[in-house]
Structure formats: structure tokens, C-alpha cells
Amino acid sequence: CTAVLGAPSLRADPLGLPIGLQLYSVREFLPKDYDGTLAQLAAMGYQEVEAAGFFGHSAADVKAAMHRAGLRCVSAHYSMADLQPKLDELIQYAHQLGLSFLVCSSPQLRHPAPGRSWLASMEAMSLNDWRWNADQLNQIGKRVHAAGLQFAYHNHCCEFHNHKGVVPYDELLRHTDPSLVAMEMD
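Note that residues are indexed from 1 along each chain, following the sequence as it is written. Reporting in this predicted model follows two pLDDT cut-offs: at least 70 for local features of residues, and 80 or more for side-chain atom pairs to be given and counted; totals over whole chains, interfaces and linings ignore these cut-offs and use all residues. Processing note: side-chain calculations cover all non-hydrogen atoms of the structure and skip hydrogens and water entirely.

Novice: How would you sum up the pairing of strand β4 (residues 101-106)? Please name residues and give values.
Specialist: With respect to burial, β4 is a largely interior element, 5 of its 6 residues being buried. In terms of strand pairing, strand β3 (residues 72-79) meets β4 through 5 bridges, oriented parallel. Looking at β4, one finds that A76 is bridged to L102. Consider the strands pointing away from the viewer: the crossover is right-handed when the path from the first strand over the helix to the second runs clockwise. Per the convention used, a helix needs a DSSP run of H or I reaching at least four residues, while a strand needs a run of E reaching at least two, with both numbered from the N terminus. For the crossover that starts at β3, traverses helix α4 (residues 80-97) and ends in the parallel β4, the hand is right-handed. Bridging between β4 and strand β5 (residues 150-154) involves 4 bridges; their strand directions are parallel. The residue bridging L102 from the neighbouring strand is F151, located in β5. In this scheme, a residue with accessible area under 20% of its type's maximum is buried, one over 50% is exposed, and one in between is partly exposed, where area comes from a 1.4 Å probe on protein chains only. Note on pairing: DSSP must find at least two bridges between two strands before they are called paired.

Structure follows, in C-alpha cells:
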């Protein structure tokens, strides 16, 4: 048993980096018991988290809850639909919370249809929509960097669907400036 547990390839942190969790994974528990959920995550060994909503808590309240749990919130993710109209507000919140990254959690159609589900929107994405998103990511990334933070894009499966020989993720990589937009692999 000791030989197996001591094997470096079986360690959860082979690079010695902090173990983190995207809080989207516990999104149903956080609104019910924010502090308790964070404490349970820390007890499991998580050290860093990426927020996926703050459930009406102020930045000061979130920062205090993270501190009590012994966690470090390093990033928060938002949809493109949230980033575009509220970027200044989200940057200010990120600074108050002490984040290092803002992350775009999902793209959007250039011309969204009201009432269309997220999945239907992703299935309707054309290569021109993906290229438009790349441009939006660059613009947002420029503003986020100017504010002293880093910006990233979080992929899903839809970025890897083949569009007549072209993969949208490849288009994102080709059309985003890596000095402005990092890629967070899901």
C-alpha cells in the first residue's frame, strides 16, 4: 500500500501546484450554505477556486468566506453576455476580491435570438460567430490587462465540432492574441 500511495504518478499534484476546483461544480450547494460548502472543499484538500457566480455576496463577504475556509479565489468566470455590458463592474469586483484572472466561460452568437437555449445557441454558432467571439475576446482581454488582471477563455465541447474541415477552437487560437487571451482547458 505504501508503494502505491507514494508513487509520484498517482499524486494529485505532481507539479507541486495548488489543487483547485471550479465552483461551478458545487453551484447547487453554494446558495444554500456558502461558508459550509467552502469549508468542505478545503477539508477535501482544495486550496484554490474559480468562482462561477457569487450568489448575491459582496466581494468583501466572499473574501472573508474564502479566508475562513482557507481557500484562495484566484479567478471568476462569466459568459460573454455578462462580460460585455458589465466589464468595468466585474473588473472592480475582481480587484476587491483579489482575483488574478477573469475568464470567459462561454461564447455567444453575434446576433443572439431571444429565448434560445445555451445549447441551441452553441449548435447554431457559425465560423463567423467564432471569429467574432475571438475579436470580442481580444477587446475584453485588452481592457482586462489594462486593469492589471489576466484574461482567459474556457472551452467546452462545441469548440471542437468540425465545420466543413475547420475546427472553431483552431479559429479562436488563430484569431486571439495570446498576450491578451489565455486558454483555460476544460
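Novice: Mind laying out the state of the cysteines, listing which residues take part and the relevant values?
Specialist: Throughout, disulfides are identified as pairs of cysteine sulfur atoms within 2.5 Å of each other. In the structure shown here, the tally under the stated rule is 0 disulfides. Looking at the unpaired C73, the closest cysteine sulfur is the one in C104, lying at 17 Å. Take C104: it sits in no disulfide, and the sulfur closest to it among the cysteines is that of C158, at 11 Å. On the basis of relative accessibility, which here comes to 0%, the residue C104 falls in the buried class.

Novice: Explain the packing of aromatic side chains to me, using residue names and the numbers behind them.
Specialist: Any two rings among Phe, Tyr and Trp, with Trp reduced to its six-membered ring, count as a pair given centres within 6.5 Å; such a pair is stacked if its planes are under 30 degrees apart, edge-to-face if over 60, and tilted if neither. Scanning the model with the defined rule gives 3 aromatic pairs in all. Cation over ring: R27 sits above Y24, and NZ or CZ is 3.8 Å from the ring centre. Whether a charge sits over a ring depends on NZ of Lys or CZ of Arg being within 6 Å of the ring centre and within 35 degrees of the ring normal.

Novice: A description of the environment of P168 should follow, citing residues and the corresponding values.
Specialist: Summarising the element assignment, P168 is placed in helix α7 (residues 168-175). Residue classification places P168 among the buried residues on the basis of a relative accessible area of 0%. Placed 40 residues apart in sequence, P168 and N128 show a C-alpha to C-alpha distance of 9.6 Å. What makes two residues a contact is simply this: any of their non-hydrogen atoms within 4.5 Å. What P168 contacts, discounting residues up to four positions off in sequence, is L127, W130, C158, E159, H161 and H163.

Novice: Tell me about helix α6 (residues 127-146), and please be specific about residues and values.
Specialist: For α6, built from 20 residues, the straight-helix expectation of 28 Å at 1.5 Å per residue is met to within 8% by its first-to-last C-alpha distance of 29 Å. When α6 is considered as a whole, its buried residues turn out to be L127, D129, W130, W132, N133, A134, Q136, L137, N138, I140, G141 and V144. Looking at the buried side of α6, the elements it contacts are α4, β4, α5 (118-124), β5 and α7. In this analysis, the expected span of each helix is defined as 1.5 Å times one less than the number of residues it contains.

Novice: Tell me about the nonpolar core, and name the residues and values.
Specialist: Residues grouped as a nonpolar core are buried Ala, Val, Leu, Ile, Met, Phe, Trp, Tyr and Cys residues, joined through side-chain atoms within 4.5 Å. Core analysis: the biggest nonpolar cluster contains 46 residues, and L38, F54, M66, L102 and F151 have the highest contact counts within it. A per-element tally of this core places α4 first, with 8 residues. Apart from residues no more than four positions distant in its own chain, M66 is found in contact with L23, Y34, L38, V49, L71 and C73.

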